[in-house]
Amino acid sequence: MTKVLVLYYSSYGHIEAMAAAVAEGAASVAGTEVAIKRVPELVPDDVAQASGIKLDQSAPIATPEELADYDAIIFGTPTRFGNMAAQMRNFLDQTGGLWFQNKLVGKVGSVFCSTASQHGGQETTITSFHITLLHHGMVIVGLPYTFTGNSEMGEISGGTPYGATTLAGADGSRMTSENELAGARFQGRHVAEIAAKLAA
């Protein structure tokens, strides 16, 4: 079995929805075992509740050490000023022990994200995330243009060759579109297929 982890942080449910679609795509590849987990929330409960942050997510909390147990890790994060969210950064900053022992070298790494607007930093978030994956020696996989939804011009839509993306709107009210979910499923399947080949 090829083991794939979809690891995410989601404030308002957009990345949570994308994570489910990514996992669905990965699970469609025969011989793939998929887990969905999230990183811990750092915002105090009272502040999170006042901000409308979704605290009732069902995915279990991951630990940094367990990343070594997977053949591929697909990371999902909202964008914060063109970079990953602090919750994801904090989690990754605890993976020094894995780096020191070369535990992630040769494993597949991939990233998807959300932004408030079309120009809210989707590409900078994903490509800056790649720096951490490269330091770990991971093999980076994106969302190639064989996913034709990346060329969608008939509607406003996320989607980049670096990874699947969604647009949440400034107030978080825009929900993930079918084209964006299709990109997430494609990315999950694409990563799982490549991970299976590398594991073999």
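These figures come from a predicted structure and were not determined experimentally.

S.K.: Can you help me understand the UniProt feature "binding site: substrate" (unreviewed entry) in the protein chain in this one?
M.R.: When the UniProt feature table is mapped onto this chain, "binding site: substrate" (unreviewed entry) is found at Trp99. Examined against the element boundaries, Trp99 turns out to sit in helix H4 (residues 96–100). Leave out the neighbours within four places in its chain, and Trp99 touches His135 and His136.

S.K.: Where do I start with the UniProt feature "binding site: FMN" (unreviewed entry) in the protein chain in this structure?
M.R.: The UniProt record marks Ser10, Ser11, Tyr12, Gly13, His14, Ile15, Thr79, Arg80, Phe81 and His135 with the feature "binding site: FMN" (unreviewed entry), using the residue numbering of this structure. For the residues just named, distributed over 126 residues, the greatest C-alpha separation reaches 29.8 Å, placing them at more than one site. When only the residues just named are considered, the second largest pocket is lined by Ser10, Ser11, Tyr12, Gly13, His14, Ile15, Thr79, Arg80 and Phe81. Of note, Ile15 is situated in helix H1 (residues 14–27). Once residues within four sequence positions are removed from consideration, Ile15 is found in contact with Tyr8, Tyr9, Ser10, Gly76, Thr77, Pro78, Phe112, Cys113 and Ser114. Note on placement: Arg80 falls in strand E3 (residues 72–80).

S.K.: What am I meant to see in the layout of surface pockets here?
M.R.: Reported here for the largest pocket is a volume of approximately 320 Å³. The computed volume of the second largest pocket comes to approximately 270 Å³. Lining the second largest pocket are 20 residues, with Tyr12, Arg80, Thr115, Ala116 and Ala168 positioned closest to its centre. Going through the elements one at a time, H1, E3 and strand E5 (108–115) are the ones with two or more residues in the lining of the second largest pocket.

S.K.: Hey, could you run me through the side chain of Glu66 in this one?
M.R.: Relative to the elements of secondary structure, Glu66 occurs in the loop between helix H2 (45–51) and E3. If sequence neighbours within four positions are ignored, Glu66 has contacts with Lys37 and Ile61.

S.K.: It is not clear to me how H1 should be interpreted in this structure. Could you clarify?
M.R.: Because an α-helix packs 3.6 residues into every turn, residues spaced three or four apart end up facing the same way. The end-to-end C-alpha separation of H1 is 20 Å, in line with the 20 Å expected for 14 residues at 1.5 Å each. All of the buried residues along H1 are His14, Ile15, Glu16, Met18, Ala19, Ala21, Val22, Ala23, Gly25 and Ala26. Against strand E1 (2–8), strand E2 (32–38), E3, E5, strand E7 (165–167) and helix H6 (178–199) lie the buried residues of H1.

Rules and cut-offs
The residue count restarts for each chain, going from 1 along the sequence in the order it is written. Where totals are concerned, whole chains, interfaces and linings use all residues; where local detail is concerned, this predicted model gives features only for residues with pLDDT of at least 70, and gives and counts side-chain atom pairs only at 80 or more. Hydrogens are left out, water is left out, and the side-chain values use all remaining heavy atoms of the structure. UniProt positions are given in the numbering used here, feature names are shortened, and annotations may be inferred rather than shown by experiment. Elements are defined by DSSP. Helices are runs of H or I of four residues or more, strands are runs of E of two residues or more, and each kind is numbered from the N terminus. Any two residues whose heavy atoms approach within 4.5 Å at even a single point are treated as in contact. Of the two site types, the cavity is a set of points on a 1 Å grid over the protein atoms alone where a 1.4 Å probe fits but cannot get out, and the pocket is an open set with protein on both sides within 12 Å along at least five of seven lines, each lined by residues with an atom within 4 Å of a point. Grid points are joined across faces, edges and corners, and a volume is the space filled by probe spheres set on the points. The span one expects for a helix is its residue count, reduced by one, times 1.5 Å. Working definition: with a 1.4 Å probe on protein chains only, accessible area under 20% of the residue-type maximum means buried, over 50% means exposed, and in between means partly exposed.

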